[in-house]
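Observations on the three-dimensional arrangement
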Amino acid sequence: MIELSAIHLTGADASTFIQGQITADINALNFIEQTAENTGLGALCTHQGRVVVVMWIIRHAEDDIVLLMPSDMAEQIKAHLAKFVFISKVKIELREALADELATLPEELLIPWITQATTEKFVPHMLSLDKLNGIHFKKGCYTGQEVVARMEYLGAPKRRLAKITASNAKELAYGAEILNDEDKSAGTIIYFEEDNALAVIQLSAKESALKLNEPITIEHIWE
């Protein structure tokens, strides 16, 4: 399991503050499988619509919100959010993730965690966040919103999130390149546990014999 940290937002403006930063609607969290109420996915993007980090959101109340994310991204994200506080009544605290917070995560391998190896390499649709209910298209503005909306309404993603199984688990690594049967790049490993992984796969290569050095098998694609 990846090491996760928590950014804890408290204060009267906590919900309003984070609403203007992420792809999810903080007031309408809705993950694709049954999890705890008021939990779900969201992403923080650049102005170019590239995903900086994917977070698991736990909304206890309007003034009490927890964002779980890979620990190697947490300091960077806290510093980024702090730049936008201005006069908002919100406190940003970085701490260890608590056991009861981790217990709200889905049991299946479903969250495309973004680490330093993959930050700013994908737009949300490539991570299938639209299929995982991690994007709300009617919530209003947030950083990168125009790019994300353009992909939804005018584009067609050529890469999507896939769950794969590796024949050699030792080859799995964050950011590892997946090759097609012509030894050309066909995808990238995002996250893995044992011999199972989440990867961004080129849809044009989904019928190919894919591999790292040894073969991998696509179990599911969110498209």
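One structure accompanies this document, and this report is about it. What you see is a predicted model, and the numbers here were worked out from it, not measured in a lab. (Residues numbered from 1 in each chain as written. Predicted model: local features only at pLDDT ≥ 70, side-chain atom pairs only at ≥ 80, totals over all residues. Heavy atoms only, no water.)

1. What to know about the overall build of the chain
Across its full length, the chain carries four helices and 10 strands. Along the chain, from the amino end to the carboxyl end, the secondary structure elements read β-α-β-β-β-α-β-α-α-β-β-β-β-β. Over its C-alpha atoms the chain spans a radius of gyration of 17 Å, differing by no more than 12% from the 17 Å that the globule rule assigns to 223 residues. Across its three principal axes, the chain shows a C-alpha extent of roughly 55 × 40 × 30 Å. (Helix = DSSP H or I, 4+ residues; strand = E, 2+ residues; numbered from the N terminus. Rg over C-alpha atoms; globule rule 2.2 N^0.38 Å.)

2. Topic: the sheet that holds strand β5 (residues 91–96)
Reading across from one edge, β2-β3-β4-β1-β5 is the order of the five strands in this open sheet, with antiparallel pairing throughout. The sheet terminates laterally at β2 (39–45) and β5, the two strands that pair on one side only. The sheet shows a mean angle of 30 degrees between the axes of neighbouring strands, taken without regard to direction. The pairing of strand β1 (residues 4–10) with strand β4 (residues 64–70) spans seven bridges and is classified as antiparallel. The partner of His8 across the bridge, within β4, is Val66. (Pairing = 2+ DSSP bridges. Axes fitted to C-alpha atoms, helices over the stretch in contact; angles between N-to-C directions.)

3. What to know about the sheet that holds strand β10 (residues 216–222)
Across the sheet, five strands lie side by side as β7-β8-β9-β6-β10; this open sheet has antiparallel pairing. Pairing within the sheet leaves two strands with one partner each, and these edge strands are β7 (177–179) and β10. The sheet shows a mean angle of 35 degrees between the axes of neighbouring strands, taken without regard to direction.

4. A few points about the nonpolar core
Counting residues in hydrophobic clusters, the biggest one holds 35 residues, and the most contacted among them are Leu41, Val54, Trp56, Leu68, Trp113, Leu127 and Leu129. Contributions of two or more residues to this core are made by β1, β2, β3 (51–61), β4, β8 (185–193) and β9 (196–202). It is β3 that contributes the most residues to this core, four residues altogether. Among the nonpolar cores identified, the runner-up in size contains 24 residues, and Leu9, Ile18, Val53 and Ile65 belong to it. (Core = buried A, V, L, I, M, F, W, Y, C linked by side-chain atoms within 4.5 Å. Buried < 20%, exposed > 50% of the residue type's maximum accessible area, 1.4 Å probe, protein only.)

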